[in-house]
Amino acid sequence: MEKLLIRFRTEPFWSMFFAFAAVMFALLVTQTLTESIQSWEIDTEMFLWFLLVGFVAQSIDGALGMAYGVSSNSILLGIGIPPATASAWVHFAQVFTSLASGISHWKMGNVDWKLAKRLLLPGVLGSILGAFLLSSLDPNVVKPVIAVYLFVMGIVILKKVRKKHIQKFNRESRSIPVLATAGGFADAVGGGGWGPIVNSTLLSKGKIARYAIGTGNFVEFFVSLASASTFLFFVKELSLAPVLGLILGGIIAAPFAAYICKLVKPKYLMIAVGILIIILSIRTFYLAI
């Protein structure tokens, strides 16, 4: 905590952004979750199922940097929840889970602050734009393109595992803000996608696995907060059982997943991420067509 306070004093950008995020987080909670809690009507069976879903999804997301939104959103769509509502619920839950994951990765030393700074604002802007357009844009138009991109990224990552000399990562690359914008946009439109797009590309460009995943998950909190805040202007329905299940399951899993990310060798993390990306991309493409 002392290191974080020093960073706030020396870098006004972070202190201002965290203060703004704290205000938005407080408003989001007080104006949405409290209204649902007032009735105290909760389906216990559904809550327990989504507690398990949240735990498993965040365990994968925190350790490999992806799949929380994709897996959670897929289940909600599978039980008949409309796309905009499902994405709103997932992002609302992900505000809490990504906060827990981001703090866990920060405490494990997995966050590259300079890279996070370059990803932050473009990612937030992309997520807000995606949330605005979801009501009028058919996600199935975008998903096949994203699926092909992810498949290629998965192959690139697996190829890099075999190389003895991986290229040096350049955090000053002009493509980083573009990547963050695309990741935030796709995440809002598809109900998940920040991790597969951003973290996988960072890995393919040579970023060490624990820093690519830790930094991506840290920034994801702000991206999810922006998406959820935008969605909940249009989607007023918030079902307590699945949302609380996703939140609590994810929060419980976050510290364990961050520790696994730090403990496991980068080579094995890259293999796991590459395989997961390929599987998700094939699944996404199949469902879209």
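About the cut-offs
Residues numbered from 1 in each chain as written. Predicted model: local features only at pLDDT ≥ 70, side-chain atom pairs only at ≥ 80, totals over all residues. Heavy atoms only, no water. Helix = DSSP H or I, 4+ residues; strand = E, 2+ residues; numbered from the N terminus. Buried < 20%, exposed > 50% of the residue type's maximum accessible area, 1.4 Å probe, protein only. Contact = heavy atoms within 4.5 Å. Areas by Shrake-Rupley, 256 points an atom, 1.4 Å probe, with all protein chains shown as cover. Patch = residues over 30% accessible without salt bridge, like charges linked within 9 Å, V, L, I, M, F, W, Y side chains within 5 Å. Salt bridge = Lys/Arg side-chain N within 4 Å of Asp/Glu carboxyl O. Phe/Tyr/Trp six-rings, centres within 6.5 Å; stacked < 30°, edge-to-face > 60°. Expected span 1.5 Å × (residues − 1). Bend = angle between axes of the 7 residues up to and from the residue. Polar contact = N/O pair within 3.5 Å; in protein donor to acceptor, adjacent residues only side chain to side chain. Core = buried A, V, L, I, M, F, W, Y, C linked by side-chain atoms within 4.5 Å. Axes fitted to C-alpha atoms, helices over the stretch in contact; angles between N-to-C directions. Parallel < 35°, antiparallel > 145°, perpendicular 65-115°, else oblique. Left-handed = near helix turned anticlockwise from the far one by under 90°. Nonpolar A, V, L, I, M, F, W, Y, C, P; charged D, E, K, R; others polar. pLDDT = per-residue confidence, 0-100.

Attention shifts here to the overall build of the protein chain. Helices and strands together make up the secondary structure of the protein chain, namely 12 helices and 0 strands. Across the protein chain, helices and strands are ordered from the amino to the carboxyl terminus as α-α-α-α-α-α-α-α-α-α-α-α. Residues classed as buried in the protein chain amount to 54% of the 289 residues present. Expressed as a percentage of contacts within the protein chain between residues at least 6 apart in sequence, the contacts between residues at least 24 apart total 86%. With the model as given, the accessible surface of the protein chain reaches about 13600 Å², and the carbon-plus-sulfur share is 69%.

A surface patch of nonpolar side chains, amounting to about 830 Å² of accessible area, comprises Trp49, Leu52, Phe55, Val56, Ile60, Leu248, Ile251, Ile252 and Phe256. Looking at the nonpolar patch, the elements that each hand over two or more residues are helix H3 (44–64) and helix H11 (240–263).

Below, the discussion takes up the environment of Ile251. If you trace the backbone, Ile251 turns up in helix H11. Ile251 gets classed as partly exposed once you look at its relative accessible area, which sits at 33%. Between the alpha carbons of Ile251 and Gln58 there is a distance of 7.9 Å; along the sequence they are 193 residues apart. Once residues lying within four places of it in the same chain are set aside, the contact partners of Ile251 are Phe96, Thr97 and Ala100.

The geometry of an aromatic ring pair is captured by two quantities: the separation of the ring centres and the angle between the planes. A complete count under the given rule lists 4 aromatic pairs for this structure. Between Phe221 and Phe222, the ring centres sit 5.0 Å apart and the planes meet at 70°, which makes this aromatic pair edge-to-face. Each of the two residues, Phe221 as well as Phe222, counts as buried.

Judged by how many residues are buried, helix H9 (residues 194–204) sits mostly within the fold: 11 of 11 residues are covered. Those residues of H9 that sit buried are Trp194, Gly195, Pro196, Ile197, Val198, Asn199, Ser200, Thr201, Leu202, Leu203 and Ser204. Trailing H9 by a residue or two, Gly206 shows a phi angle of about 105°, which is positive.

Taking 1.5 Å per residue as the helical rise, helix H6 (residues 113–133) with its 21 residues ought to reach 30 Å, and the 30 Å between its terminal C-alpha atoms agrees with that figure. A bend of about 30° at Leu120 is the largest found in H6, and the proline Pro122 appears one to four places after it. Looking only at H6, the buried set comprises Trp113, Leu115, Ala116, Leu119, Leu120, Pro122, Gly123, Val124, Gly126, Ser127, Gly130 and Ala131.

Mapped onto the elements, Ser127 comes out in helix H6. Note on Ser127: relative accessible area 0%, which makes it buried. Of the polar contacts made by the side chain of Ser127, one reaches the backbone oxygen of Val124; its length is 2.7 Å.

Once that is clear, we can look at the side chain of Asn110. By secondary structure assignment, the location of Asn110 is in the loop between helix H5 (83–107) and H6. On the accessibility criterion, Asn110 (0% relative accessible area) is buried. Separated by 2.9 Å, the side chains of Asn110 and Arg210 make a polar contact. The contacts of Asn110, once residues within four sequence positions are left out, are His105, Arg210, Tyr211, Gly214, Thr215, Ala258, Cys261 and Lys262.

What follows is about the nonpolar core. When a protein is soluble and globular, its nonpolar side chains tend to lie buried together. Residues Leu119, Leu202, Val219 and Val273 are the most contacted members of the largest nonpolar core, which totals 60 residues. Discounting chain neighbours no more than four positions away, the residues touching Leu119 are Ile176, Ala180, Trp194, Val198, Leu202, Thr215 and Val219.

Another aspect to go through is the packing of H3 against H11. For the pair H3 and H11, interaxial distance at closest approach is 6 Å and the crossing angle is 30°. Overall, the two elements H3 and H11 adopt an arrangement that is roughly parallel. Two packed elements cross with a definite hand, and for H3 against H11 that hand is right-handed.

So, about the packing of H6 against H9. Contact geometry of H6 with H9 gives a least axis separation of 14 Å together with a crossing angle of 145°. The handedness of the crossing between H6 and H9 is right-handed. On the side of H6, the interface is formed by Leu115, Leu119 and Gly123, while H9 contributes Trp194, Val198 and Leu202. Partitioned by chemical class, the residues of the contact of H6 with H9 number 5 nonpolar, 1 polar and no charged.

As a further point, take the confidence of the model for the protein chain. Considering every residue of the protein chain, the mean pLDDT works out to 77; 77% of them sit at 70 or more. Ranking the elements of the protein chain by mean pLDDT puts helix H1 (residues 2–10) last with 52 and H6 first with 89.

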